[in-house]
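Close look at the chain arrangement
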Amino acid sequence: MESNEQVVNEMKDSTARFFSLPLESKKTVAVRENGIEGFGHHYSRVSGKLDWAESVILVTQPIQDRNPELWPTNPSSFRDTLDKFSIEMTSLTMRTVGFMAADLGVEQEALVRAFRGRRQNMSLHHYPPCRHPDKVIGITPHTDGLGLTVLLQVDDTPGLQIKKDGTQVLTNGAYRSVEHRVLIHARKSRTTVVMFHDAHIDGMVQPIQEVLKHNGAEARYRSIEKLEYMKGHFSVGRE
Ligand SMILES: O=C(O)CCC(=O)C(=O)O
Ligand SMILES: [Fe+2]
């Protein structure tokens, strides 16, 4: 059994090695027409500045939603590492959500059940340096929209900028979804691994009843179906 530190190190190492491969190798898992998953420049729809991020987007949980043909095989252990890392991040998320429940003063289960068995997506990002950083953008301002994001920085290059608060529905605003963007460094590359954890109960995005009850508060957000919520978030979120 490997320690979680070993799994995290393997993940950092494999991600850095993958992005250092020649473009042709990376293109073996290129995003397909009308697809979302795979390797490519995912943010090129954004106008104004040149999209400088190379990314791999993958669905990692639940297992039956995976598209293994888009999972990199170089380094050869990469798929195995991705699988182990995904499990680690699920477990980290569940523990974190447990702490959040304690902080909110509700039963752990009230919050944990919104996350259990839900979708987990992964983005691997590589931001090469650019001598004219003001001409390019890593990722334009956005909020992440799903339940909880865990970010692993592979190196120490700065770039993530947090701008202002947005809102968070599940906790009725107690935890906020923060707007952020990624800027490019003039001399150093930056690599990150980002895990997005979805949360909803019975297909609805809404404040959790126990949280409202505990605070004796009115719901600050209307209940909305998961699919409607996603459409709304991602049509404005990334532009
Ligand atoms: O790479 C980063 O630092 C942040 C990436 C990010 O915000 C995202 O993928 O949503
Ligand atoms: Fe983000």
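Report follows, based on the coordinates. Treat the numbers as computed from the prediction; the structure is a model and nothing was measured.

To continue, consider the environment of E109. Among the secondary structure elements, E109 is positioned in helix α4 (residues 108–115). Distance in space between the C-alpha atoms of E109 and E2 is 28 Å, their sequence separation being 107 residues.

Attention now goes to the nonpolar core. M11, F18, F85, M122, L124 and V193 are the most contacted members of the largest nonpolar core, which has 22 residues in total. Listing elements by their share of this core, those giving two or more residues are α1 (4–19), β3 (54–61), α3 (78–104), β4 (120–127), β7 (148–153) and β10 (190–197). In contact with L124, not counting residues within four places along its chain, are M11, T15, F19, E54, S55, V56, F78, T192 and V193.

Our focus in this paragraph is the pattern of salt bridges. Under the defined criterion, the tally for this structure stands at 11 salt bridges. Close ionic contact of E10 with K84 constitutes a salt bridge, the shortest N to O distance being 3.2 Å. On the criterion of sequence distance, the pair formed by E10 in helix α1 and K84 in helix α3 is long-range, its members being 74 residues apart. Linking D13 and R17 is a salt bridge whose minimum nitrogen-to-oxygen distance equals 3.5 Å. Taken together, the residues D13 and R17, both in helix α1 and four residues apart, mark about one turn of the helix. We classify R17 as partly exposed; its relative accessible area is 44%. Sharing partners across several salt bridges, the network here consists of E2, E10, D80 and K84.

What counts and what doesn't
Residues numbered from 1 in each chain as written. Chains lettered and ligands numbered in written order. Predicted model: local features only at pLDDT ≥ 70, side-chain atom pairs only at ≥ 80, totals over all residues. Heavy atoms only, no water. Helix = DSSP H or I, 4+ residues; strand = E, 2+ residues; numbered from the N terminus. Core = buried A, V, L, I, M, F, W, Y, C linked by side-chain atoms within 4.5 Å. Buried < 20%, exposed > 50% of the residue type's maximum accessible area, 1.4 Å probe, protein only. Contact = heavy atoms within 4.5 Å. Salt bridge = Lys/Arg side-chain N within 4 Å of Asp/Glu carboxyl O.

Interpretation in functional terms is not warranted from these geometric data alone.
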